[in-house]
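So the chains spell out like this:
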Amino acid sequence: MGNWLEQTGHALAVTFLHNWPILLAGTVIAAATQVYISQDRLTAFLKKNSRRSIVLAVGAAVLTPLCSCGTMAVILAMLASVVPWGPIVAFIVASPLTSPAEFFYLAGFLGWKFAGFHLLASTAVGLAAGAIADRLDRAGWLAGQARYQAGPESHPGGGEVAATGASTPAGGLRPGILLREIVLTAYRLVPRWVAFAAIGYGVLYLMPPGLTENLMGNRHAWSVPAAALLGLPLYINTDTAVPLLKSLVDAGMSQGAAMAFFITGPATSVGALAGLMTVARSRVIILVLVIILAGAILAGLSFEAVSALF
């Protein structure tokens, strides 16, 4: 028990120390967006151009080297601007999956075909997630699912800014209002993130050692779904997962199973899930997990079919 607590606490401390600048930046961006950007106009524009905004969100997610905490920081800023769920979910799903650096890292270990297909699959899953979320959002199913809600109560002494969605107040930059919003945003964000990350690492270190090798080390009909499911709790980071899966592929694991693992794993790592749970409620979390799991299985099976042909 003591060793488990020590492992969990150490992992949580390392993650927080590594990512606190990104958390701070996201908090400041969210607060500034809340205070100075016209939320009503931005929301109306994005709802009117939902397809374009989803494509832009996926493009930004794929092309930026954000970690899961960086992703969460951007999502927080988007939520502070009352952005519709379509582009938010698209960014949530696509951003942790790939980046320019990860593309070359995967290519070096598992080949250009694997890296290229993973990039295409990540983009496709992100676009599908955005489209589904946009449809559900328009139907009202995702209403009230943001943990961080814009509102006049978040602006002591500055309620008019939040209530009207006005741009920079006439009095100038008003640093006092911005500072109060930063403090309130951090008060909401940081304790949640720490709590969810602690739960995630606690579950991770309860997993039996060798589970990944035992269930995914050989070619089986169920290897792709098993790899997709195991990616949910077992993925830690790309640096450790890529060499491990390379050795398993060399030992006989199908590349389709590796592909499925690399769709669910990054998108449901401790950092990604902690960030998602910090800013979104149950319906969005369930939607994201279902889309990622289904997309991973389809990507893995598709890659096996493509590999058999070429």
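Criteria and cut-off values
- Residues numbered from 1 in each chain as written.
- Predicted model: local features only at pLDDT ≥ 70, side-chain atom pairs only at ≥ 80, totals over all residues.
- Heavy atoms only, no water.
- Helix = DSSP H or I, 4+ residues; strand = E, 2+ residues; numbered from the N terminus.
- Buried < 20%, exposed > 50% of the residue type's maximum accessible area, 1.4 Å probe, protein only.
- Contact = heavy atoms within 4.5 Å.
- Areas by Shrake-Rupley, 256 points an atom, 1.4 Å probe, with all protein chains shown as cover.
- Phe/Tyr/Trp six-rings, centres within 6.5 Å; stacked < 30°, edge-to-face > 60°.
- Salt bridge = Lys/Arg side-chain N within 4 Å of Asp/Glu carboxyl O.
- Expected span 1.5 Å × (residues − 1).
- Axes fitted to C-alpha atoms, helices over the stretch in contact; angles between N-to-C directions.
- Left-handed = near helix turned anticlockwise from the far one by under 90°.
- Nonpolar A, V, L, I, M, F, W, Y, C, P; charged D, E, K, R; others polar.
- Parallel < 35°, antiparallel > 145°, perpendicular 65-115°, else oblique.
- Patch = residues over 30% accessible without salt bridge, like charges linked within 9 Å, V, L, I, M, F, W, Y side chains within 5 Å.
- Arc of directions from axis to C-beta.

Trainee: Which parts of the structure should I look at to understand the overall build of the protein chain?
Mentor: Summing up its helical and strand segments, the protein chain has 15 helices and zero strands in all. Looking at the protein chain residue by residue over its 310 residues, the buried ones come to 49%. Of all intrachain contacts in the protein chain linking residues separated by at least 6 positions in sequence, the fraction that spans at least 24 positions is 84%. For the protein chain, the exposed surface amounts to about 14,000 Å²; the carbon and sulfur share of it is 69%.

Trainee: Sorry if this is basic, but what is going on with the packing of aromatic side chains here?
Mentor: Each aromatic ring pair is specified by the distance between its two centres and by the angle formed by the two planes. Across all of its chains, the model carries seven aromatic pairs by this definition. Each ring, one from Phe104 and one from Trp112, has its centre 5.9 Å from the other, and the planes form 85°; the classification is edge-to-face. In this pair, the class of Phe104 matches that of Trp112, namely exposed. Ring geometry for Phe114 and Phe303: centres 5.5 Å apart, planes at 90°, overall edge-to-face. Taken together, the residues Phe114 in helix 7 (residues 112-138) and Phe303 in helix 15 (residues 282-309) connect sequence positions 189 residues apart. By relative accessible area, which is 1% here, Phe114 ends up buried. What links up through ring pairs into an aromatic cluster is the set Phe114, Phe117, Phe261, Phe262 and Phe303.

Trainee: Explain the pattern of salt bridges here, please?
Mentor: Two side chains carrying opposite charge are able to pair once their charged atoms lie near each other. All chains considered together, the criterion is met by one salt bridge. Here Asp134 and Arg138 are joined by a salt bridge, their closest N and O atoms 3.1 Å apart. Here Asp134 pairs with Arg138, and both are found in helix 7, just four residues apart, close to one helical turn. Of the residues examined, Asp134 reaches a relative accessible area of 12% and is grouped as buried. Under the relative-accessibility criterion, Arg138 is labelled exposed at 54%.

Trainee: It is not clear to me how the environment of Met78 should be interpreted in this structure. Could you clarify?
Mentor: Mapped onto the elements of the fold, Met78 is located in helix 4 (residues 68-80). Distance in space between the C-alpha atoms of Met78 and Ile88 is 7.0 Å, their sequence separation being ten residues. Apart from residues lying up to four places away in sequence, Met78 is in contact with Val83, Pro87, Ile88 and Phe91.

Trainee: It is not clear to me how helix 13 (residues 255-267) should be interpreted in this structure. Could you clarify?
Mentor: Each α-helix turn comprises 3.6 residues. Residues three or four places apart therefore point the same way. Taking 1.5 Å of rise per residue, the 13 residues of helix 13 would be expected to cover 18 Å, and the 19 Å separating its terminal C-alpha atoms lies within 8% of that figure. Where burial is concerned, most of helix 13 is hidden: twelve out of the 13 residues are buried. Every buried residue belonging to helix 13 is among Gly256, Ala257, Ala258, Met259, Ala260, Phe261, Phe262, Ile263, Thr264, Gly265, Pro266 and Ala267, and all of these are buried.

Trainee: Looking at this structure, I do not really get the packing of helix 3 (residues 50-63) against helix 7. What am I missing?
Mentor: The description of two packed helices rests on the angle between their axes and on the distance between the axes. It is at 10 Å that the axes of helix 3 and helix 7 come closest, and there the two elements cross at 145°. For helix 3 against helix 7, the interelement crossing comes out right-handed. Where helix 3 abuts helix 7, its residues Ser50, Ile54, Val55, Val58 and Val62 lie against Leu119, Thr123, Gly126, Leu127, Gly130, Ala131, Asp134 and Arg138. Considered class by class, the residues forming the contact of helix 3 with helix 7 number seven nonpolar, four polar and two charged.

Trainee: What is the right way to read the packing of helix 5 (residues 85-94) against helix 7 from this model?
Mentor: With their axes 7 Å apart at the nearest point, helix 5 and helix 7 run at an angle of 150° to one another. Judged by the angle between their axes, helix 5 and helix 7 are roughly antiparallel. In the crossing of helix 5 with helix 7, the sense of the turn from one axis to the other is right-handed. Judged by residue contacts, Trp85, Gly86, Val89, Ala90, Val93 and Ala94 of helix 5 engage Ser122, Val125, Gly126, Ala129, Gly130, Ala133, Asp134 and Asp137 from helix 7. Taken together, the residues of the contact of helix 5 with helix 7 sort by class into eight nonpolar, four polar and two charged.

Trainee: What is the right way to read a nonpolar patch on the surface from this model?
Mentor: A contiguous nonpolar patch, built from Leu17, Trp20, Leu24 and Val28 and spanning about 390 Å² of accessible area, is present on the exposed surface. Mapping Val28 onto the fold places it in helix 1 (residues 2-36). Taking relative accessible area as the criterion, Val28 reaches 33% and is therefore assigned partly exposed.

Trainee: Please explain helix 6 (residues 100-110) as it appears in this structure.
Mentor: Among all positions of helix 6, only Glu102, Phe103, Leu106, Ala107 and Leu110 are buried. All buried residues of helix 6 fall inside an arc of 140° around its axis, so they share one side. Away from its buried face by more than 90 degrees, helix 6 exposes Ala101, Phe104 and Gly108.

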